[in-house]
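# Observations on the three-dimensional arrangement
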Amino acid sequence: MTTQAWLVAGVRTPFARADGPLRKRDTIGLSVPVAEAMARQLRPNDRPDVVVWGTVMQSLAVSNIAREVVLDARLDPSTPAFSTVLACSTSMIAVFEAAGMLREGLDLALCGGVESMSRVQLGLTQGLSDVIRRASQARSVGERIDRIAELRWSDVRLYVPSVTNRATGKSMGEHCEEMAKQWKIARADQDRIALESHQRAVRAMGAGFFDDLVIGIDDVSKDAIPRADTSAEKLATLKPAFDRARGRGTSRETDATITAGNASPLTDGAAAVWVATDAGLARLPAGRACVRLVDWEIAAVDIFHEGLLMAPAFAIPRLLARHGLTLDAIDLWEIHEAFAAQVLCNVAALESEDFLRERVRITARLGKFPWERFNPNGGSVAIGHPFGATGARILSQAVKELRAMGPGKRAVVSICADGGLGTVALLAT
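Residues numbered from 1 in each chain as written. Predicted model: local features only at pLDDT ≥ 70, side-chain atom pairs only at ≥ 80, totals over all residues. Heavy atoms only, no water.

What follows covers the overall build of the protein chain. In terms of helices and strands, the protein chain carries 15 helices and 12 strands. Here the protein chain holds 429 residues, and the buried ones make up 56% of them. A separation of at least 24 residues holds for 80% of the contacts in the protein chain among residues at least 6 apart in sequence. Surface exposure of the protein chain reaches about 18800 Å², of which carbon and sulfur atoms provide 51%. (Helix = DSSP H or I, 4+ residues; strand = E, 2+ residues; numbered from the N terminus. Buried < 20%, exposed > 50% of the residue type's maximum accessible area, 1.4 Å probe, protein only. Contact = heavy atoms within 4.5 Å. Areas by Shrake-Rupley, 256 points an atom, 1.4 Å probe, with all protein chains shown as cover.)

What follows covers the pairing of strand β10 (residues 332–335). The side chains of a regular strand alternate between the sheet's two faces. The side-chain alternation of β10 yields two buried faces, one formed by Leu 332 and Glu 334 and the other by Trp 333 and Ile 335. In this structure, β10 lies alongside strand β11 (residues 410–417), joined through 4 bridges in parallel fashion. Pairing of Leu 332 across the sheet is with Ala 411, part of β11. (Pairing = 2+ DSSP bridges.)

It is worth spelling out the packing of helix α11 (residues 312–322) against helix α13 (residues 353–360) at this point. In contact at an axis separation of 11 Å, α11 and α13 are set at 90 degrees when each is read in the N-to-C sense. Here α11 lies roughly perpendicular to α13, going by the angle between them. Contact with α11, carried on its side by Ala 313, Phe 314, Pro 317 and Arg 318, involves Phe 355, Leu 356, Arg 359 and Val 360 of α13 and no other residues of that element. Partitioning the contact of α11 with α13 into residue classes produces 6 nonpolar, no polar and 2 charged. (Axes fitted to C-alpha atoms, helices over the stretch in contact; angles between N-to-C directions. Parallel < 35°, antiparallel > 145°, perpendicular 65-115°, else oblique. Nonpolar A, V, L, I, M, F, W, Y, C, P; charged D, E, K, R; others polar.)

Looking at the secondary structure, you find Ala 5 in strand β1 (residues 5–8). The class for Ala 5 is buried, based on a relative accessible area of 0%. In sequence terms Ala 5 and Thr 90 are 85 residues apart; their C-alpha atoms lie 19 Å from each other.

The periodicity of an α-helix, 3.6 residues per turn, causes residues three or four positions apart to be oriented the same way. What helix α2 (residues 65–72) keeps buried is the set Ile 65, Ala 66, Val 69 and Val 70. Down the axis of α2, the buried side of the element spans an arc of 145 degrees, and every buried residue falls inside it. Looking at the buried side of α2, the elements it contacts are α1 (27–39), β3 (50–54), β4 (81–83) and β5 (108–115). Positive backbone phi, at 60 degrees, marks Arg 74, one or two positions downstream of α2. (Arc of directions from axis to C-beta.)

Tracing the backbone shows Asp 223 in the loop between α7 (187–207) and α8 (232–236). For Asp 223, a relative accessible area of 7% gives the class buried. A distance of 2.7 Å separates a polar atom in the side chain of Asp 223 from a polar atom in the side chain of Arg 12. Only 2.8 Å separates the side chain of Asp 223 from the backbone nitrogen of Phe 15, close enough to count as a polar contact. Dropping the residues within four chain positions of it, Asp 223 is found in contact with Arg 12, Thr 13, Pro 14, Phe 15, Met 205 and Ile 383. (Polar contact = N/O pair within 3.5 Å; in protein donor to acceptor, adjacent residues only side chain to side chain.)

Bringing the packing of aromatic side chains into the picture now. Tallying each qualifying case throughout the model produces 9 aromatic pairs. With 5.1 Å between their ring centres and 85 degrees between their planes, Phe 209 and Phe 210 make a pair best called edge-to-face. By relative accessible area, which is 14% here, Phe 209 ends up buried. Here Arg 192 stacks its cationic end above the ring of Trp 371, 6.0 Å away from the centre of that ring. The positively charged end of Lys 400 is found above the aromatic ring belonging to Phe 209, 4.6 Å away from the centroid. (Phe/Tyr/Trp six-rings, centres within 6.5 Å; stacked < 30°, edge-to-face > 60°. Lys NZ or Arg CZ within 6 Å of the ring centre and 35° of its normal.)

Turning next to the pattern of salt bridges. Scanning the model with the defined rule gives 26 salt bridges in all. Of the charged contacts, one joins Arg 12 and Asp 223 as a salt bridge, the two residues approaching to 2.7 Å between their closest N and O atoms. Linking Arg 12 in the loop between β1 and β2 (16–17) with Asp 223 in the loop between α7 and α8, this pair joins segments that are 211 residues apart in sequence. Here Arg 12 matches Asp 223 in class, with each residue buried. Between Arg 357 and Glu 358 there is a salt bridge, and its shortest N-O distance comes to 3.6 Å. A residue is classified by how much of its surface remains accessible, and Arg 357, at 43% relative accessible area, is partly exposed. Linked by salt bridges that have partners in common, Arg 134, Glu 143, Arg 147 and Glu 150 make up one network. (Salt bridge = Lys/Arg side-chain N within 4 Å of Asp/Glu carboxyl O.)

Written out as structure tokens, the structure is:
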């Protein structure tokens, strides 16, 4: 980055389970209240210099959701807007893209994302789509009949999107089960991460931490997923969610460890964050928490031979080594909890000198991970994970947490993403 970039905490909707209290809103319906609330922070007649927005589960009716959000939120229609997508890192990569665009005259970017897992659009198979399209273009009844006659019965079905990797055909949970076995991650440790996530989120909600980060919509004023009544005992009773043998009806003992309790749920929600130069920062309310975006890193792994969600274990060491930092030199760690097992796998890799030397190819010793600095106000297991919104949610949360620590503090924000990808940001006060 050639221009100093600031991150300023934004706002988001409450997060809720799919088919829950936000089920009537599609991606635009969830995004508009967030964009409106962000715009109200600006002076009259001011507007963002650019809007970058994204969603993962695409709608066939919308090709550029960022522009539709600008128009439906009644922002200044002269505001440029473009969409982006990088699975669970969507709104984090939006921030990196905007930071790279900053210059004189482009000082303030509104970045965010959204997911409505309650309103995922079904489609037709490609073969059926092709026949219908060609038949509709036919110039005679006979030609139309010929086109329809090309239809194969195997194509007469709906395409139902699923949370699976296209190349492997496996779900995120199945991939993470493989990672947990490889890194020997215990079920009890996963449940501990999940329990602490809920406890910290519930405590933060009660203390008012989220009050200026969350806006109410549809009579929902707070996150609907964190549970005050969960316990280690309750989590221990849950059955594995991604055990293929059990799913086939067999009764053999299983070593699967990922459950609905230690994985993030399918979630509805939208979130935003500001990216600004010094000049852009002056256009925002003085009371909003802000920190410097010092640096960022993106990594990818071979998903056929490496864990699908292990890219942060490559991105984080490279980022730290570039700045001569160890794990203990970071005052705040905000790590996306796609699964508790995924967090534990990546941390185990970070602490392994063999992994760093042989796989990441750095010689720096990063030391032990400071668990007491990890996700202090809850993570995705408890708060939820709307794919496109998670990056903006975590960044805004980290900005507020880090700012409260005072000057000279650093944070690392890390997100794993489908496709064997990972993005990481280094923040500082």
